[in-house]
Amino acid sequence: MTNKDDSSSQQSEKQIITININGQILQYEHEELTYDNITPIKESDARELFHVVKTLFDEVGIKFALCFGTLLGAVRENGHLIKGDEDMDIFVCDEGKLRNNLIWLYENGLKVCRIYPGVLYSFRINYKCYIDVYIKREINGISIWRLYCLSLSSHEMPRKFFKEYSEIEFLGEKCLCPKDPEKLLEFWYGSNWKTPVTAHNFIYRVKSAHYYHLYVKPKINRVKNIFKFIFNNEYRQKILQRKKETGSYFYHDK
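About the criteria used
Residues numbered from 1 in each chain as written. Predicted model: local features only at pLDDT ≥ 70, side-chain atom pairs only at ≥ 80, totals over all residues. Heavy atoms only, no water. Salt bridge = Lys/Arg side-chain N within 4 Å of Asp/Glu carboxyl O. Helix = DSSP H or I, 4+ residues; strand = E, 2+ residues; numbered from the N terminus. Buried < 20%, exposed > 50% of the residue type's maximum accessible area, 1.4 Å probe, protein only.

**Considerations on the pattern of salt bridges**
Point 1. As enumerated under the stated definition, the model contains 10 salt bridges in all.
Point 2. Where K54 meets D58, a salt bridge forms, and the shortest distance between an N and an O atom there is 2.7 Å. Placement of the pair is K54 and D58 together in helix α1 (residues 43-60), with a separation of 4 residues, close to one helical turn.
Point 3. K54 sits in the buried class, given a relative accessible area of 15%.
Point 4. In this structure D58 comes out as partly exposed when scored by relative accessible area, which is 44%.

**What to know about unusual backbone geometry**
With glycine set apart, most residues show a phi of negative sign, and most peptide bonds adopt trans.
Point 1. Unusually for a residue other than glycine, S153 sits at a positive phi of about 60°.
Point 2. Relative to the elements of secondary structure, S153 occurs in the loop between β9 (149-152) and β10 (155-158).
Point 3. Unlike most non-glycine residues, S154 shows phi in positive territory, near 65°.
Point 4. With respect to the helices, strands and loops of the structure, S154 is situated in the loop between β9 and β10.
Point 5. Judged by its relative accessible area of 37%, S154 is partly exposed.

Shown next as structure tokens:
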């Protein structure tokens with residue numbers, strides 16, 4: 001994982017990531033965490049991890065708020081996990097402060113296990129459960145949703161839900177959440193958010209943005225890449241080589 005401040009290298013056999021944070025080196029074991037390879041967590045394990053996160057974040061001044069399934073549990077389940085939840089979800093607004101404290105957090109027992117800069121950092125204290133820390137930020141680039149939306153988990157979220165915050169209890173800890181969590185939960189999970197479901201049922205982004213990214217943008221990119229194939233000889237040769245090696249054209253750059 002790389003960005004302007006951090007450099008990284010990966011040893012695929014052990015999935016060890018090395019990052020440079022302000023001249024200091026941190027190595028951590030990267031995990032690909034998906035619904036296919038994780039299982040529901042025990043509330044006792046979640047409570048232990050959440051207490052460590054809050055204690056350490058408070059000590060270095062990293063402000064966070066609940067989101068997604070964790071906010072759903074705090075509101076609908078009166079401060080407990082929703083049944084069958086596999087992780088916990090919070091978000092921060094200051095990615096720089098979080099990244100600059102990764103080594104200190106690691107040394108104090110909160111181990112980072114996944115980093116997608118600008119989007120997500122995941123942490124563990126053991127292998128019983130983990131917590132996702134999402135980055136709330138401005139939408140990058142030119143976007144018609146930029147004026148009234150911000151980005152969280154790489155999805156467009158209406159700014160109106162994140163203008164003010166209130167206090168809520170989760171797993172015995174007092175923490176922040178968006179001031180009108182019921183409306184935000186309705187946006188994320190639909191009008192029946194109060195009814196427990198077994199599937200991962202969520203909306204998560206502005207509908208117009210969702211349909212644009214799902215249907216319109218891929219078509220635009222395909223047309224752009226076809227023109228690039230016609231007028232850019234270097235790109236055309238790369239695609240032809242890919243055709244020769246794989247037997248099919250693939251117009252999207254990796």
